[in-house]
Amino acid sequence: MATNENLSPNVIKQLAKELKNLDETPPDGIKVIVNDDDFSIIFADIEGPAGTPYENGVFRMKLLLSHDFPQSPPKGYFLTKIFHPNIATNGEICVNTLKKDWNPSLGLRHVLLVVRCLLIEPFPESALNEQAGKMLLENYEEYARHARLYTGIHALKPKSNVKTGAICESTTALNVDQRITESTGKEPLLTTPLSTSSKGPVTNAQDQNASIAPLVEPVVGASAIQKKEGLAVKAQVDKKKIDARKKSLKRL
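If you're wondering where the values come from, they're calculated on a predicted model, not measured in any experiment.

Rules used in this analysis
- Residues numbered from 1 in each chain as written.
- Predicted model: local features only at pLDDT ≥ 70, side-chain atom pairs only at ≥ 80, totals over all residues.
- Heavy atoms only, no water.
- Pairing = 2+ DSSP bridges.
- Helix = DSSP H or I, 4+ residues; strand = E, 2+ residues; numbered from the N terminus.
- Axes fitted to C-alpha atoms, helices over the stretch in contact; angles between N-to-C directions.
- Salt bridge = Lys/Arg side-chain N within 4 Å of Asp/Glu carboxyl O.
- Buried < 20%, exposed > 50% of the residue type's maximum accessible area, 1.4 Å probe, protein only.
- Phe/Tyr/Trp six-rings, centres within 6.5 Å; stacked < 30°, edge-to-face > 60°.
- Lys NZ or Arg CZ within 6 Å of the ring centre and 35° of its normal.
- Expected span 1.5 Å × (residues − 1).
- Contact = heavy atoms within 4.5 Å.
- Polar contact = N/O pair within 3.5 Å; in protein donor to acceptor, adjacent residues only side chain to side chain.
- Parallel < 35°, antiparallel > 145°, perpendicular 65-115°, else oblique.
- Nonpolar A, V, L, I, M, F, W, Y, C, P; charged D, E, K, R; others polar.

Caption draft 1: Layout of the sheet that holds strand 1 (residues 30-33). Spatially, the 4 strands line up as an open sheet ordered 1-2-3-4, and their pairing is antiparallel. Pairing within the sheet leaves two strands with one partner each, and these edge strands are strand 1 and strand 4 (75-78). The mean angle between the axes of side-by-side strands here comes to 25°, regardless of whether they run parallel or antiparallel. Pairing analysis gives 4 bridges linking strand 1 to strand 2 (residues 41-47), with the strands arranged antiparallel. Bridge pairing in strand 2 links Ile30 to Ile46.

Caption draft 2: Local environment of unusual backbone geometry. Cis geometry is found at the peptide bond from Phe69 to Pro70, where omega equals 10°. Its location among the elements puts Pro70 in the loop between strand 3 (58-64) and strand 4.

Caption draft 3: Representation of the pattern of salt bridges within the structure. Applying the stated rule across the entire model yields 2 salt bridges. One salt bridge connects Arg60 with Asp45, and the closest N-O pair in it is separated by 2.7 Å. Here Arg60, found in strand 3, pairs with Asp45, found in strand 2; they are 15 residues apart in sequence, far enough to count as distant. The partner of Arg145 in a salt bridge is Glu142, and the shortest N-O contact between them spans 2.9 Å. One end of the pair is Arg145 and the other is Glu142, both in helix 4 (residues 140-154) and 3 residues apart, which spans about a single turn. Overall, the relative accessible area of 45% leaves Arg145 in the partly exposed class. Residue Glu142 is classed as partly exposed on the basis of its relative accessible area of 28%.

Caption draft 4: Molecular detail of the packing of aromatic side chains. Here the structure, examined in full by the defined rule, presents 6 aromatic pairs. Joined through ring pairs, the aromatic side chains of Phe83, Tyr140, Tyr143 and Tyr150 make up one cluster. Residue placement shows Lys62 over the ring face of Tyr77; its charged tip is 5.9 Å from the ring centre.

Caption draft 5: Local environment of helix 2 (residues 108-120). Taking 1.5 Å as the rise per residue, helix 2 with 13 residues should run 18 Å; its terminal C-alpha atoms sit 19 Å apart, in good agreement. Inspection of helix 2 places Leu108, Val111, Leu112, Val114, Val115, Arg116, Leu118 and Leu119 among the buried residues, and these make up the whole buried set. The inward-facing, buried residues of helix 2 contact helix 1 (9-24), strand 1, strand 2, strand 3 and strand 4.

Caption draft 6: Region of the structure containing the side chain of Ser72. Tracing the sequence through the fold places Ser72 in the loop between strand 3 and strand 4. A polar atom in the side chain of Ser72 sits 2.6 Å from the side chain of Asp68. Ignoring any residue separated from it by four or fewer positions in sequence, one finds Ser72 in contact with Ser66 and Trp102.

Caption draft 7: Summary view of the packing of helix 3 (residues 130-138) against helix 4. Two elements in contact, helix 3 and helix 4, have axes separated by 6 Å at closest approach and are oriented at 135°. It follows from the interaxial angle that helix 3 and helix 4 lie oblique. Of the residues in helix 4, those touching helix 3 at Gln131, Ala132, Met135, Leu136 and Glu138 are Tyr140, Glu142, Tyr143 and His146. Looking at the contact of helix 3 with helix 4 residue by residue, the classes come out as 5 nonpolar, 2 polar and 2 charged.

Caption draft 8: Structural view of the pairing of strand 4. Covered by surrounding structure in strand 4 are Gly76 and Phe78 only, the residues Lys75 and Tyr77 on the alternate face being uncovered. By the bridge criterion, 4 bridges tie strand 3 to strand 4 in an arrangement that is antiparallel. If you follow Met61 over to strand 4, its bridge partner there is Phe78.

Caption draft 9: Layout of the environment of Leu98. With respect to the helices and strands, Leu98 occurs in the loop between strand 4 and helix 2. Its relative accessible area of 8% is what places Leu98 among the buried residues. Here the alpha-carbon distance between Leu98 and Val115, two residues 17 residues apart in the chain, equals 9.6 Å. The residues touching Leu98, leaving out its near neighbours within four places in the chain, are Pro73, Pro74, Gly76 and Val111.

And the structure:
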């Protein structure tokens, strides 16, 4: 198994700098998975570009760096099955940047961007997947249908941008409301003041108020107050009805 020992110290230093940059400022639609123990294998997740048959799919790929990198280009492979003219059935990627157009000055960012652009504009003339290349030239709709089918079956799903902070806050609020509602039936007493106040440090007067907190009834929610008021009104109406019936019986 290849390790960092197969790469020269200068190459390792350059790769560490590039990988750190890719991790901190990733290219659009590309996420690099860094393995500090082995820089000779670079993994990346590539999002299918919008408007292509690969949209709504995430494709994992890897770059294999040889011992004489960057003098020789890395080899690229898709690990996720994909229907594409320039990607063989075994996942091998055919693109000029990784072959005759390779330049040692090209960085990993450039290579990854070229691979993603390949999903936008395939080159059927130099196809590794002959079926996909022929289909693309003769019947694009049929090619796109096949590519979308592969995407739906094999590709990973993009992670939705969920605001976890908002979810945590709303969940906490629901839990607090539930505890208050449940406590209204027993009328418990507050023993400690709320500690989430954002009004600054507690003053001496506030400390004195906190010391008599057990004598203060808890503040109930608006819904609980409305419920109690509704029950009181209903009780008064029922009492009036009973009094009216008693008077009617006396008259009889």
